[in-house]
Amino acid sequence: MTTTSSSELELTLGNLPSNVIGHEEAFVDISPKTNRFQPILTVKKVSKSFPVAGGRIQAIKDIDLVINPGELVSLVGPSGCGKSTLLNIIAGLEKPDSGEVKGNRPNDKNLTGLPERLLIFQEASLFPWLTVYDNVAFGLKIRKYSKEKCRELVNKYLGMVQLSQFQDAWIHQLSGGMKQRVALARALALRPELLLMDEAFTALDVQTRQDMYRLLLRIREETGVTILFITHNVEEALLLSDRILVMRSRPGQIKREFQVNVGFPRTMEYFLLKQLRLEIIKEFMEAGDVGDIQGGSTYEQAY
Ligand SMILES: Nc1ncnc2c1ncn2[C@@H]1O[C@H](COP(=O)(O)OP(=O)(O)O)[C@@H](O)[C@H]1O
Ligand SMILES: [Mg+2]
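Only a predicted model underlies this, so the values are computations on that prediction, with no experimental measurement involved. Counting from 1, residues in each chain are numbered in the order their sequence is written. Naming scheme: in the order in which they are written, chains are lettered from A and ligands are numbered from 1. Whole-chain, interface and lining totals are the exception, using all residues; otherwise, since this is a predicted model, local features are given only for residues with pLDDT of at least 70 and side-chain atom pairs are given and counted only at 80 or more.

On to the site of ligand 1, then. Any residue qualifies as near a molecule or strand once its backbone-derived C-beta atom lies within 6 Å of it. Surrounding ligand 1, one finds Phe50, Val52, Ile57, Ala59, Gly77, Ser79, Gly80, Cys81, Gly82, Lys83, Ser84 and Thr85. Where helices and strands are cited, they refer to DSSP runs of H or I of at least four residues and of E of at least two residues respectively, numbered from the N terminus. Going through the elements one at a time, strand 1 (41-52), strand 2 (55-67) and helix 2 (83-91) are the ones with two or more residues in the shell around ligand 1. Considered class by class, the residues forming the shell around ligand 1 number five nonpolar, six polar and one charged. In this classification, Asp, Glu, Lys and Arg are treated as charged, Ala, Val, Leu, Ile, Met, Phe, Trp, Tyr, Cys and Pro as nonpolar, and every other residue, Gly included, as polar.

Spatial ordering of the open sheet is given by 5-6-7-3-8-9, a layout of six strands whose pairing is mixed. Strand pairing shows two members of the sheet lacking a second neighbour, strand 5 (117-120) and strand 9 (253-259), which therefore form its edges. When the angles between neighbouring strand axes are averaged without regard to direction, this sheet yields 20 degrees. Across four bridges, strand 3 (residues 72-76) lies against strand 8 (residues 243-248) in parallel orientation. Along strand 8, the bridge assignment pairs valine 76 with valine 246. DSSP-based pairing: two strands are paired if at least 2 bridges between them are found. Angular values range over 0 to 180 degrees, each being the angle between N-to-C directions of two axes fitted as lines to C-alpha atoms, with helices fitted over their stretch in contact.

Let's shift gears to the environment of isoleucine 57. Looking at the secondary structure, you find isoleucine 57 in strand 2. With 14 C-beta atoms packed within 10 Å, isoleucine 57 lands in the partly exposed category. As for isoleucine 57 and arginine 250, which are separated by 193 residues in sequence, their C-alpha atoms are 8.7 Å apart. With C-beta atoms placed from the backbone, a residue is buried if 20 or more other C-beta atoms are within 10 Å of its own, exposed if 12 or fewer are, and partly exposed between those counts.

As a further point, take helix 6 (residues 206-223). To estimate the expected span of a helix, count its residues, drop one, and scale the result by 1.5 Å. Relative to the 26 Å expected for 18 residues at 1.5 Å per residue, helix 6 spans 25 Å between its end C-alpha atoms, a close match to the ideal helical length. For the purpose of contact definition, each residue receives a C-beta atom placed from its backbone, and two residues are in contact when these atoms lie within 7 Å. Where helix 6 is buried, its residues touch helix 4 (147-160), helix 5 (176-188) and helix 7 (234-240). Glycine 224 sits one or two residues past helix 6 and shows a positive phi near 75 degrees.

On a scale of 0 to 100, pLDDT captures the predictor's confidence in every residue. Mean pLDDT for the chain: 83, with 82% of residues reaching 70 or above. Across the chain, element-level confidence peaks in strand 3 with a mean pLDDT of 97 and bottoms out in helix 1 (residues 6-13) with 33. Here residues 1-28 is modelled with pLDDT under 50, and outside its nearest four sequence neighbours on either side it reaches 46 contacts, counting other chains as well. Note on residues 297-303: pLDDT under 50 across the span, and nine contacts to partners over four residues away in sequence or across chains.

All right, on to the sheet that holds strand 1 then. Ordered by their spatial adjacency, three strands build an open sheet running 2-1-4, and the pairing between neighbours is antiparallel. Strands with a single pairing partner mark the edges of an open sheet, and in this sheet they are strand 2 and strand 4 (98-102). Within the sheet, the average angular offset between the axes of one strand and its neighbour, ignoring direction, is 25 degrees. Two elements, strand 1 and strand 4, share four bridges in a ladder whose sense is antiparallel. In the strand pairing of strand 4, threonine 42 is matched with lysine 102. Where helix 2 meets the sheet, its contacts fall on strand 1, strand 2 and strand 4, and the angle it forms with strand 1 comes to roughly 120 degrees.

Glancing now at unusual backbone geometry. The omega torsion of the bond from arginine 250 to proline 251 falls at -10 degrees, within 30 degrees of zero and hence cis. Within the fold, proline 251 resides in the loop between strand 8 and strand 9. For the bond running from phenylalanine 264 to proline 265, omega is -5 degrees, close enough to zero to count as cis. The residue proline 265 is located in the loop between strand 9 and helix 8 (271-286) in this model. Positioned with a positive phi, lysine 144 is a non-glycine residue whose angle comes to about 65 degrees. Mapped onto the secondary structure, lysine 144 falls in the loop between helix 3 (132-142) and helix 4. Positive phi, normally seen in glycine, also occurs at arginine 250, with a value near 55 degrees.

Spelled out as structure tokens, the structure:
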């Protein structure tokens, strides 16, 4: 076994659901305890500031947010507008200065006192000393699943992310896209109530990113998992989301919400998506907030 400290583990694995039961049911793959008539997440008036030389910086201010079961919601905004701060608070890794974060049930905490939400970072943060198989099995082993059950689940989710043939590979042998697929399998195997993805596809090349979009949409269809997706790429948000929340910086706040009533799969050739893109970009331009926002140029290649 490993000697990873518990805080390191929490950071790497996010928050593991302790009461994962009933994996036998044909997915819809969310926790059987989830109340489908309640929001998966309710964020009320959440603010957070950080100490900096000569004062404090207000990272986010009065954020309100509701996510319903099965939704894929994107949070779009330029670098530094507080996206990761908000996600870390939702994941239970940071405490807000004020406001509250509520899950699906009155007491949706696991044994470590953390909520049942799993975070996937831009860098896959896998364990390099474990094989692909053991990376996916890791959280299940901690949860004391039997060897057989572990094998069944790991096989299922490695299959879902199309990595069955690579189960014995080492992490350094994988491409960036493959690493993110392992991270996805590892998170999904634990059936999180909410999957939090922080710029998870940002570091990938365009072709791999598009493969990941297709994969994520398929996984969503097969599992019904609820996703909060963070990106500074407007097109990515348009191609994947049911709803897009536009954030602005100084201080980080949600300024506008867009419903994306377009079926899947989508391409940026769709008139409605082009229109929405312009509206979203306009929001940033008006705030002088374009920064590193991607997908704003009319010359950018459509997916
Ligand atoms: N631990 C920290 N200490 C000081 N400032 C921080 C810390 N974390 C984030 N910030 C600041 O808060 C703001 C929001 O950061 P972040 O949430 O990382 O933005 P984003 O993810 O949208 O790029 C930035 O100005 C950043 O510098
Ligand atoms: Mg960030």
